[in-house]
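Survey of secondary and tertiary structure
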Amino acid sequence: MKEVTQLLVRGFDLAEAEGRVLLAVGRREARRVRGAVNNIAVSVTCLLISVPLFVAGFGLLTIGLMGWLETMVIRPLAAGLTGLAVLAFAFAWLLGFSLTRSRNRSMNQSHEIVR
C-alpha cells in the first residue's frame, strides 16, 4: 500500500512539474504569436495604404510616358514602348521580391539551426 501511495504522490508531483513547464512554454509561445499577429496587422495596414497609392502613381507615370512618347512616335508604337517599360518594371519588381524572399527563407532556416 505504501508503494502505491508513493507512486501516486510521485505521479502527481511529476504532473505538477510538467504542468508548470507546459504553462511557461504556453506563455512564451503566446507572446511569440502575439508578436507575429502584430507584425502581420502592421504589414496588412501598410499594404492597404500603399498599394492604391502605388497603383495610382504608376498609372499616372504610365500615362505621362505614353503622352511624351506620342509627341515623338506614332501612337501604336508609343503604346507598345510604354507597355514594354511597364512589363520590364513588373519583371524587375517580381525578381527583386523573389530574391528577397529566398534570402529571408535561407536566413530563417539558419536561425532555426542555431536555436
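One can find the structure itself at the top, above this paragraph.
This report concerns the structure included in the present document. (Residues numbered from 1 in each chain as written. Predicted model: local features only at pLDDT ≥ 70, side-chain atom pairs only at ≥ 80, totals over all residues. Heavy atoms only, no water.)

1. Details of the overall build of the protein chain
Helix and strand content of the protein chain: two helices and zero strands. Counting all 115 residues of the protein chain, 3% fall into the buried class. Approximately 10,000 Å² of the protein chain is accessible, and the part contributed by carbon and sulfur atoms is 71%. Side chains of the protein chain carry 13 positive and 7 negative charges; the gap between the two charge centres is 8 Å. (Helix = DSSP H or I, 4+ residues; strand = E, 2+ residues; numbered from the N terminus. Buried < 20%, exposed > 50% of the residue type's maximum accessible area, 1.4 Å probe, protein only. Areas by Shrake-Rupley, 256 points an atom, 1.4 Å probe, with all protein chains shown as cover. Lys, Arg positive; Asp, Glu negative; His and termini not counted. Charge placed at Lys NZ, Arg CZ, Asp CG, Glu CD.)

2. Some remarks on the pattern of salt bridges
On inspection of all chains with the given rule, the structure shows two salt bridges. With a closest N to O distance of 3.4 Å, R32 and E29 form a salt bridge. Separated by three residues within a single helix, R32 and E29 lie in helix α1 (residues 2-70), roughly one turn from each other. Across the pair R75 and E70 runs a salt bridge whose closest N-O atoms are separated by 3.1 Å. Residue E70 is classed as partly exposed on the basis of its relative accessible area of 34%. (Salt bridge = Lys/Arg side-chain N within 4 Å of Asp/Glu carboxyl O.)

3. What to know about α1
In a regular helix each residue adds 1.5 Å, so 69 residues correspond to 102 Å; α1 covers 98 Å between its end C-alpha atoms and thus fits that length. Where α1 bends most, at S50, the angle is about 25°, and the proline P52 comes one to four residues later. (Expected span 1.5 Å × (residues − 1). Bend = angle between axes of the 7 residues up to and from the residue.)

4. Focus on the side chain of T82
You can see T82 is positioned in helix α2 (residues 75-114). A relative accessible area of 3% places T82 in the buried class. Within the structure, T82 has its side chain in polar contact with the backbone oxygen of A78 (distance 2.8 Å). (Polar contact = N/O pair within 3.5 Å; in protein donor to acceptor, adjacent residues only side chain to side chain.)

5. Things to note about the packing of aromatic side chains
For any pair of aromatic rings, the description rests on two quantities: the centre-to-centre distance and the angle between the ring planes. A complete count under the given rule lists five aromatic pairs for this structure. Seen in terms of ring centroids, F54 and F58 are 6.0 Å apart; in terms of plane orientation they differ by 10°. Their pairing is stacked. Pair noted here: F54 and F58 are both in helix α1, with a separation of four residues, about one helical turn. Using a relative accessible area of 39% as the deciding quantity, one classes F54 as partly exposed. One aromatic cluster is present, built from ring pairs that chain together F54, F58, F89 and W93. (Phe/Tyr/Trp six-rings, centres within 6.5 Å; stacked < 30°, edge-to-face > 60°.)

6. Observations regarding a positive patch on the surface
A cluster of basic side chains, namely R27, R28, R31 and R34, defines a positive patch on the protein surface. As for its position among the elements, R28 is in helix α1. When its relative accessible area of 45% is taken as the criterion, R28 is described as partly exposed. (Patch = residues over 30% accessible without salt bridge, like charges linked within 9 Å, V, L, I, M, F, W, Y side chains within 5 Å.)

7. What about the environment of T71?
Within the fold, T71 resides in the loop between α1 and α2. Separated by 2.5 Å, the side chain of T71 and the backbone oxygen of W68 make a polar contact.

8. Side note on a nonpolar patch on the surface
Together, L47, V51, F54, V55, F89 and W93 make up an exposed nonpolar region whose accessible area comes to about 600 Å². Only α1 and α2 provide two or more residues apiece to the nonpolar patch. Here the nonpolar patch gets four residues from one element, more than from any other, and that element is α1. You can call F89 partly exposed: its relative accessible area is 34%.

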